[in-house]
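# Structure at a glance
Chain by chain, the residues:
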Amino acid sequence: MNALQVELGERSYPIYIDSNIYNDLSYFQKHIRGNKVLVVCDSNTAQHYLQATLAMLSDYQCQSITLSAGESQKTLDTVSQIYDALMQYKFDRNCTLIALGGGVVGDICGFAAATFQRGVTFIQVPTTLLAQVDSSVGGKTGVNHPLGKNMIGAFHQPACVIADMSTLRSLPPRELKAGLAEVIKYGLIDDAEFYHWLNDNLQDLLALDTDKLAYTVTRCCGNKARIVAADERESGQRALLNLGHTFGHAIETAMGYGNWLHGEAIAAGMCMAARFSANSGFLAEEIVDSVVNTFKSVGLPTEPPADMTSEQFMDLMYRDKKVRDNVLTLVLMNDVGGAFLSSTFDTELLRTTLFQTLNK
Ligand code: GLY
């Protein structure tokens, strides 16, 4: 078993990474607060994991809520369904919510936990690769607004993260590939050695090699834990974790939430960030080619949707959470493992690059 620690003072917590642990009470017991537990899952995870989870928690007053699956459910209405259940079952502050699912379930459940009675305990049990390597760690919770992704939310750290490699076996191939986009992101940000390892091992990860998946999740979570510990509330360096996300969120919003998976959108977004970095004179052309080929080898998109326009991109990108007083900070690259923040990039060059990419 690999256990990492996210070091955040009194809000520190462990990330457990192993196989067949999602229904092992010994991992949960010391993190559950109170006797009332609400398991939040979606229709996919309910089918595979809910029964065993409820059996594990039989000594608690345990309830569950099953949400409809998909990014389109990441709304305040869905959060309200959780509040309704918590009120109906008379939950008080001394309770625990368990997010059993992918990034959407984790973000919604985390936001409900952040806001119910001004904050209650929650545990992340991520069952997708994307959630295991990224969204379950670091305490970002929230929902989408029709005009912008993740626009409503709160920082609320989980009590622990329980990442079970065996849950990846039930993952549809499209979701596994989408998770690999976030994995590759860590290599591109500041871990060139990992990027090169990935290029030699991506096919084994797609074939669900358990040891390599555990190594991957451990490496990504280690990188994320370090960045989050240094900048929990994203006043600086944590924004590097958004490589490709300003482009990607624009795609997700424009295409309708759920039509492009988050991982697909940020894969195209990272290729766009690399292209813009090269056009700005920061990145060598051969690195752009390498980045594009890496995403291609996984079967991920490397181009934005053909029906988006450059103006639509500019409009959506300037609604990003990294805009302050109309100035956008972008994550750019000067090398593999060399991501950096720029708010002084050439806006007109960005417009031209988008126009050249989209032909409109
Ligand atoms: N997913 C980016 C972050 O947690 O900061």
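Our structure's up above, just so we're on the same page.
First, a word on scope: everything that follows refers to the structure included in this document. Not measured: the values here are computed from a predicted model.

Rules used throughout
Residues numbered from 1 in each chain as written. Predicted model: local features only at pLDDT ≥ 70, side-chain atom pairs only at ≥ 80, totals over all residues. Heavy atoms only, no water. Core = buried A, V, L, I, M, F, W, Y, C linked by side-chain atoms within 4.5 Å. Buried < 20%, exposed > 50% of the residue type's maximum accessible area, 1.4 Å probe, protein only. Helix = DSSP H or I, 4+ residues; strand = E, 2+ residues; numbered from the N terminus. 1 Å grid on protein atoms, 1.4 Å probe; cavity = no way out; pocket = protein on both sides within 12 Å on 5 of 7 lines; lining within 4 Å. Points joined across faces, edges and corners; volume = space filled by probe spheres on them. Nonpolar A, V, L, I, M, F, W, Y, C, P; charged D, E, K, R; others polar. Near = heavy atom within 4 Å. Polar contact = N/O pair within 3.5 Å; in protein donor to acceptor, adjacent residues only side chain to side chain. Areas by Shrake-Rupley, 256 points an atom, 1.4 Å probe, with all protein chains shown as cover.

So, on to the nonpolar core. Counting residues in hydrophobic clusters, the biggest one holds 79 residues, and the most contacted among them are Leu129, Leu188, Phe295 and Phe313. One finds Leu38, Ile82, Phe111 and Val143 within the second-largest nonpolar core, a separate group that totals 23 residues.

On the secondary structure map, alanine 55 appears in helix α2 (residues 43-56). Taking the C-alpha atoms as reference points, alanine 55 and asparagine 23, 32 residues apart in sequence, are found 8.3 Å from one another.

Moving on, we come to the layout of surface pockets. Considering only enclosed or pocket space, the second largest pocket measures out at about 160 Å³ in volume. Residue composition of the lining of the second largest pocket, grouped by class: four nonpolar, three polar and four charged.

Taken together, the neighbourhood of the ligand is formed by Asp134, Lys140, Lys224, Glu234, Arg238 and Leu241. Note that an oxygen atom of the ligand is positioned 2.9 Å from one of the side-chain N or O atoms of lysine 140. The protein chains hide 91% of the 200 Å² of surface that the ligand would expose on its own. Here the residues of the shell around the ligand sort into one nonpolar, no polar and five charged.

The next subject is empty space enclosed by the protein. Overall, the coordinates contain two cavities of 30 Å³ or more when judged by the stated rule. There is about 90 Å³ of room inside the largest cavity. Contributions of two or more residues to the lining of the largest cavity are made by β8 (148-155) and α9 (245-255). No other element matches the four residues that α9 contributes to the lining of the largest cavity. Looking at side-chain class alone, the lining of the largest cavity contains four nonpolar, four polar and four charged residues. Approximately 40 Å³ is the volume found for the second largest cavity. Breaking the lining of the second largest cavity down by element, the ones donating at least two residues are α10 (262-279) and α13 (347-358). Tallying contributions element by element places α13 first for the lining of the second largest cavity, with four residues.

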